Amino acid sequence: MLRAILLLLACQLGGEAIHRLTGLALPGAVIGMVLLLAWLALVPRERPTLAAVSGWLTAHLAVMFVPAAVGLIDEGAVLSRYGLALVAATVASTVLTLAVTALVFRWALRFVADGDDA
Amino acid sequence: MLATPLLWLTVTLGVFEAFDTASKRSGRHPLCHPVLWATPVLIGLLLATGTPYATYHAATLPLSFLLGPAVVGLAVPVWAERARIRRLALPIALALGAGAVTSIVSAVGILWLLGAPRDILASIAPRATTTPVAMAVAGQLGGIPALAAVIVLFAGVVGAMVATPLLDALGLRDYRARGFALGVAAHGIGAARAFQVDATAGAMASLGMALNAVVTAALLSVVALLV
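The model shown is predicted, which means the values in this text are computed figures rather than measured ones.

Scanning chain B from terminus to terminus reveals 13 helices and 0 strands. Going from the N terminus to the C terminus, chain B shows its helices and strands as α-α-α-α-α-α-α-α-α-α-α-α-α. Its C-alpha radius of gyration of 18 Å places chain B within 12% of the 17 Å reference for a compact globule of 227 residues. The principal-axis extents of the C-alpha atoms in chain B amount to approximately 55 × 45 × 35 Å.

What follows is the structure, given as C-alpha cells:
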C-alpha cells in the first residue's frame, strides 16, 4: 500500500520537477501520469495494490475538487457578465466534440482489421 | 477551532455525502451530480459565517492535495487497456486529435466572438479534460481555476445528457466509438454515463478521458508558448 502511494507521489514529484525545469504549461500531475505509464511499461508486473489505490482516488475525484469549485464565491462579477456566453460556448463545444470524435472514430475503424472487439 | 482544517473538512465531506446519497437515489442522474449542489450550499455557508475563501481554501488543502496523485493514477487504466489501444491505435489517435482540437477551437472561438477577455478564454480552453487537469491548465494559462472547474462540470453534465439522443441521431451504433467520444468530450461524468449503458463503452470512455487529459494539456501548453 505504502509502495503504491510512494510510486504515485514520486511520479507526481518527478512531473512537477520537469514542469518547473522546462517552464512548460503542462501541469506536473499530467507529466507524472506519463511518467507512471513509462514506469509500468519498463517494470511490468501485476500491481493489484496500485490498481486499488488509484481506483479509490479516481472514484472519489468529485469531492476533491469541491474546494476549488467553491472558489467561484469570488467570481460573481465574471459570472454575471459572461455567464450566458459561457453556457452557450460550453454546450456548443461539448455537442460538437462528441459528434466529431465519434464520427472520426467510426470512419477510421475501416482501416482496422475487422476485430471482434466488443 | 475555526482556523484548523478540521471544521471545514468535516463540513465539506458532510455536505458532499448528503448530496452524493441523493445522487445515488436518483440513479446517478447527471443533473444530480453532488458537486453541482454541494458547491452552492458551501458558498452559502461561507457567506453566512463571514468566512473568507482564503480561510476555507487553506483548511481544505488536504482534500485538494489528493487531486495530484489521482491524476497520476489515471495511467493505471490506460496501461490495463494497452492491448485494445494497440489494436485500435489509428481510430483512437485520429478521433482523439480531432476531438481535442474541436473542443478547444469551438469553445475558445465562440467566447472570443462574444468578446470575452483572455482569462475567460484560458478558463474554457481545457473544458474537455478531467476537472483537476482543467484547473491546473487554466491556472498555467492565466485563467481562473474555479471557473474552469465549474465549466468542466457543466460540460460533463451536458455531454452525459445529450450523448444518447445525439449519437443515435447520427446513426452511430458502435459502442467503442460512442464510449470513446463520451470520454473525450465529457471526461469522468461522460465515462460514468457510458458505464451505465455498456461495459465496453465505459472502458473506452475512461480511456478517452485519460488520453485527452494529456493531449489537450499538451496542445494548450504548446499554444501558450506561441501566444
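This part is about the overall build of chain A. Along the backbone of chain A there are 6 helices and 0 strands. Element order for chain A, N to C, with α for helix and β for strand: α-α-α-α-α-α. Its C-alpha atoms give chain A a radius of gyration of 20 Å, more than 25% over the compact-globule value 13 Å for 118 residues. With respect to the three principal axes, the spread of C-alpha positions in chain A is 50 × 45 × 30 Å. Split into buried and exposed, the 118 residues of chain A put 41% on the buried side. Intrachain contacts of chain A at a sequence separation of at least 6 include 40% that bridge at least 24 residues.

In many reports, interface size means the accessible area that the parts give up when they come together. On the side of chain A, 66 residues touch chain B, which itself brings 94 residues to the contact. It is helix H11 (residues 145–169) of chain B that contributes the most residues to the side of chain B that touches chain A, 14 residues altogether. Classifying every residue of the side of chain B that touches chain A gives 71 nonpolar, 17 polar and 6 charged.

With that settled, the discussion passes to helix H10 (residues 131–140) of chain B. Burial runs high along H10 of chain B: 9 of the 10 residues are buried. If you follow the buried residues of H10 of chain B, they end up packed against helix H2 (28–42) and helix H5 (66–70) of chain A together with helix H5 (67–72), helix H9 (118–124), H11 and helix H13 (199–226) of chain B.

The next thing to look at is unusual backbone geometry. Glycine aside, negative phi is the norm for most residues, and most peptide bonds take the trans geometry. All names here are of chain B. Even without being glycine, Arg28 reaches a positive phi, approximately 60°. Topologically, Arg28 is positioned in the loop between helix H1 (5–25) and helix H2 (34–49). Looking at Arg28, the number of C-beta atoms within 10 Å reads 17, which means it is partly exposed. The backbone of His187 sits at a positive phi, close to 40°, despite the residue not being glycine. The topology assignment puts His187 in helix H12 (residues 175–197).

All names here are of chain B. Between H11 and H12, whose axes approach to 8 Å, the crossing angle comes to 130°. By the angle between their axes, H11 is oblique relative to H12. Where H11 crosses over H12, the two elements pack in a sense that is left-handed. Listed contacts from H12 to Val152, Ala155, Gly156, Val157, Gly159, Ala160, Ala163 and Leu167 of H11 are Arg178, Leu182, Ala185, Ala186, His187, Gly188, Ile189, Gly190 and Arg193.

Averaged over all residues, the pLDDT of chain B is 91; the fraction at 70 or higher stands at 99%. Reported for the predicted complex are a pTM of 0.88 and an ipTM of 0.90.

In this structure, Val30, Met33 and Phe65 of chain A together with Ala149 and Phe180 of chain B are the most contacted members of the largest nonpolar core, which totals 115 residues. Setting aside chain neighbours within four positions, we find Ala149 of chain B in contact with Phe65, Ala68 and Ala69 of chain A together with Thr131, Ala134 and Met135 of chain B.

As a further point, take the packing of H10 of chain B against H13 of chain B. Residue and element names in this part refer to chain B. In the contact formed by H10 and H13, the axes pass within 11 Å of each other and the chain directions differ by 5°. With respect to their mutual orientation, H10 and H13 come out roughly parallel. The segment H10 lies against H13, with Val133, Val137 and Gln140 engaging Ala213, Ala217, Leu220 and Ala224. Looking at the contact of H10 with H13 residue by residue, the class counts come to 6 nonpolar, 1 polar and no charged.

The end-to-end C-alpha distance of helix H6 (residues 76–108) of chain A, which contains 33 residues, comes to 44 Å, matching closely the 48 Å that a straight helix rising 1.5 Å per residue would cover. The axis of H6 of chain A is deflected most strongly, by about 65°, at Tyr82 of chain A.

Attention now moves to the confidence of the model for chain A. In this model, chain A carries an average pLDDT of 90, and 96% of its residues clear a pLDDT of 70 or more. Here helix H4 (residues 61–64) of chain A stands out as the least confident element of chain A, with mean pLDDT 87; helix H1 (residues 2–22) of chain A is the most confident, with 95.

Cut-offs and rules
Numbers given for residues are sequential positions, taken from 1 along each chain in its written order. Written order determines the labels here, with chains lettered from A and ligands numbered from 1. Since the coordinates come from a predicted model, pLDDT governs what is reported: local features require at least 70, and pairs of side-chain atoms require 80 or more to be given and counted, while whole-chain, interface and lining totals use all residues. Numbering of helices and strands runs from the N terminus; a helix is a DSSP stretch of H or I covering at least four residues, while a strand is a stretch of E covering at least two. The atom set for the radius of gyration is the C-alpha atoms, and the globule formula is 2.2 Å times the number of residues raised to the power 0.38. Neighbour counting defines burial: a residue surrounded by 20 or more other C-beta atoms within 10 Å of its own C-beta is buried, one with 12 or fewer is exposed, and intermediate counts give partly exposed, using backbone-placed C-beta atoms. We call two residues in contact whenever the C-beta atoms placed from their backbones are within 7 Å. Each residue gets one of three labels, nonpolar for Ala, Val, Leu, Ile, Met, Phe, Trp, Tyr, Cys and Pro, charged for Asp, Glu, Lys and Arg, and polar for the others, Gly among them. Here, axes are lines fitted to C-alpha atoms. For helices the fit covers the stretch in contact, and angles between N-to-C directions go from 0 to 180 degrees. By definition in this entry, angles of less than 35 degrees are roughly parallel, angles greater than 145 are roughly antiparallel, angles of 65 to 115 are roughly perpendicular, and the rest are oblique. Each crossing gets its hand from how the near helix is turned against the far one by less than a right angle, where anticlockwise is left-handed and clockwise is right-handed. A score from 0 to 100, pLDDT tells how confident the predictor is in each residue. Linking buried Ala, Val, Leu, Ile, Met, Phe, Trp, Tyr and Cys residues through C-beta atoms within 7 Å yields a set, and such a set is a nonpolar core. An expected span of 1.5 Å times one less than the residue number is assigned to each helix. Fitting one axis to the seven residues ending at a residue and another to the seven starting there, the bend at that residue is the angle between the two axes.

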